[in-house]
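A structural walkthrough
The lines below spell out each chain.
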Amino acid sequence: MTLIRRSALLLSCALLAACSGAPVEERNPLATWVPSSNHNARMPVVIVLHHTDQHSVQQSLDTLRSANSGGKVSAHYLIGADGARYQLVADDRRAWHAGPGRWGTITDLNSASIGIELDNDGDTPFSEAQIQSLIVLLQDLSTRLRIPPSQVIGHADLAPSRKQDPSRFFPWQQLAQAGFGVWPRDTDGMPPAGFDAWQALATFGYPLDDRDAAARAFHRRFRGSDDLPAVLDTEDARILHSLQQQATTR
């Protein structure tokens, strides 16, 4: 075989290998393919934070790449207590991390979100290295994927009757000071007479199918407590009024 023919054969093999590894555009054989350029990739609009409720990065990596007692689960990212970041699912793919739930008008969170797992057992504070690493990742995701920085929520926010993560130890205020999520401002003062705290809670995003669970999830995030009564008191109304004020100015 001449050098030219051998080179051509190698080039052909390389091209075939490249084609075989490229994503195949799905086309329905029941219709004639008449492509339009008026489209773009499906993009996430929310970032959902979780804690793993396990005891090591390796245990969580094994779970997120196989299955747990409830079936197969995954997340886009996992951050270890030491700040090391791992990506398990591409940003443009639908990871299985949120499950049933709702945030505002979004009912399929897996299709609309990026899921980030934090290596934490749920009973201990999150390390500073882990939070700083998370902030770096959030800066990247919000910039590159154009996700509004305010749209960072917890798993319990979208599924308050099922989930409690991230736990009461998660530093939401610190995250808001870094520009992600939202935190109440003292300068907004008390709400006006007739303020409907439950309506404000729903407007913020919480599902109210189970109001007790929604109140508990809200207390866990904004008051750092799992023990408050499952009602909305005057302090909750003050917080919700501030969140509402901030929403109108974004």
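Below: a short report on this structure. Quick caveat: nothing in here was measured; it's all calculated off a predicted structure.

1. A look at the overall build of the protein chain
In terms of helices and strands, the protein chain carries nine helices and five strands. When the helices and strands of the protein chain are listed from N to C terminus, the series reads α-β-α-β-β-α-β-α-β-α-α-α-α-α. Residues counted as buried form 41% of the 250 residues belonging to the protein chain. Long-range pairs, those at least 24 residues apart, make up 65% of the contacts in the protein chain between residues at least 6 apart in sequence. Looking at the protein chain as shown, the accessible area adds up to about 14200 Å², and 52% of this sits on carbon and sulfur atoms.

2. Notes on the pairing of strand S1 (residues 46–51)
In terms of burial, S1 is a largely internal element, six of the six residues being buried. In the sheet, S1 pairs with strand S4 (residues 113–118) via six bridges, with the strands oriented parallel. Bridging from a neighbouring strand, His51 pairs with Leu118 of S4.

3. Brief notes about the packing of helix H7 (residues 197–204) against helix H9 (residues 234–249)
Between H7 and H9, whose axes approach to 9 Å, the crossing angle comes to 45°. With respect to their mutual orientation, H7 and H9 come out oblique. The handedness of the crossing between H7 and H9 is left-handed. Counted together, Ala197, Ala200, Leu201 and Phe204 of H7 and Ala237, Leu240, Leu243 and Gln244 of H9 form the full contact between these two elements. Classifying every residue of the contact of H7 with H9 gives seven nonpolar, one polar and no charged.

4. Concerning the packing of aromatic side chains
Applying the stated criterion across every chain yields a total of nine aromatic pairs. Measuring from ring centre to ring centre gives 5.6 Å for Trp103 and Phe204, while their planes differ by 85°; the resulting arrangement is edge-to-face. With Trp103 in the loop between strand S3 (85–87) and helix H3 (109–112) and Phe204 in helix H7, the pair connects residues that are 101 residues apart, well separated along the chain. Stacked on the ring of Trp198, the Lys or Arg Arg211 has its end atom at 4.9 Å from the ring centre. The ring centre of Trp172 lies 4.1 Å from the NZ or CZ of Arg221, which sits over that ring.

5. Quick look at the nonpolar core
If you look at soluble globular proteins, the nonpolar side chains tend to sit buried side by side. Membership of the largest hydrophobic core comes to 26 residues, with the highest contact counts inside it found for Leu158, Tyr206, Phe218, Leu240 and Leu243. Every element with two or more residues in this core is listed here: S1, helix H5 (155–158), H7, helix H8 (211–222) and H9. Top element by residues in this core is H8. It accounts for five residues. Sequence-distant contacts of Phe218, that is, excluding residues within four places in its chain, are made with Leu201, Tyr206, Arg223, Leu232, Asp236, Ile239, Leu240 and Leu243. In terms of nonpolar packing, the next biggest core, distinct from the first, is built from 21 residues, Leu49, Tyr77, Ile135 and Leu137 among them.

6. A closer look at helix H4 (residues 128–144)
In this model H4 runs 24 Å from its N-terminal to its C-terminal C-alpha over 17 residues, within 8% of the 24 Å that 1.5 Å per residue would give. Among all positions in H4, only Gln130, Ile131, Ser133, Leu134, Ile135, Leu137, Leu138, Leu141 and Ser142 are buried. Along its buried surface, H4 packs onto S1, strand S2 (77–79), S3, S4, strand S5 (152–154) and helix H6 (172–177). Phi turns positive one or two residues past the end of H4, at Arg146, with a value near 60°.

7. Focus on the environment of Ala230
In this structure, Ala230 sits in the loop between H8 and H9. Separated by 11 residues in sequence, Ala230 and His219 place their C-alpha atoms 8.5 Å apart. Setting aside residues no more than four positions away along its own chain, Ala230 makes contact with Asp212, Ala215 and Arg216.

8. Some points on the sheet that holds S1
Sheet strands pair by backbone hydrogen bonding; their relative direction is either parallel or antiparallel. The five strands are arranged S3-S2-S4-S1-S5 in an open sheet whose pairing can be described as mixed. In this open sheet, the two strands that pair with only one neighbour each are S3 and S5. Pairs of neighbouring strands in the sheet enclose a mean axial angle of 25°, with direction left out of account. Relative to S3, S2 runs antiparallel, the two being bridged by three bridges. Opposite Ile79, over in S3, you have Arg85 as the bridge partner. Seen against the sheet, helix H2 (residues 57–64) touches S2, S3 and S4 and runs at an angle of roughly 170° to S2.

9. Some thoughts on the pairing of S4
The buried fraction of S4 amounts to six of the six residues, a majority that puts the element mostly inside the structure. The two faces of S4 match: Ser113, Gly115 and Glu117 on one face and Ile114, Ile116 and Leu118 on the other face are all buried. The pairing of S2 with S4 spans three bridges and is classified as parallel. Paired with Ile79 across the two strands is Leu118, which belongs to S4.

The rules behind the values
Residues numbered from 1 in each chain as written. Predicted model: local features only at pLDDT ≥ 70, side-chain atom pairs only at ≥ 80, totals over all residues. Heavy atoms only, no water. Helix = DSSP H or I, 4+ residues; strand = E, 2+ residues; numbered from the N terminus. Buried < 20%, exposed > 50% of the residue type's maximum accessible area, 1.4 Å probe, protein only. Contact = heavy atoms within 4.5 Å. Areas by Shrake-Rupley, 256 points an atom, 1.4 Å probe, with all protein chains shown as cover. Pairing = 2+ DSSP bridges. Axes fitted to C-alpha atoms, helices over the stretch in contact; angles between N-to-C directions. Parallel < 35°, antiparallel > 145°, perpendicular 65-115°, else oblique. Left-handed = near helix turned anticlockwise from the far one by under 90°. Nonpolar A, V, L, I, M, F, W, Y, C, P; charged D, E, K, R; others polar. Phe/Tyr/Trp six-rings, centres within 6.5 Å; stacked < 30°, edge-to-face > 60°. Lys NZ or Arg CZ within 6 Å of the ring centre and 35° of its normal. Core = buried A, V, L, I, M, F, W, Y, C linked by side-chain atoms within 4.5 Å. Expected span 1.5 Å × (residues − 1).

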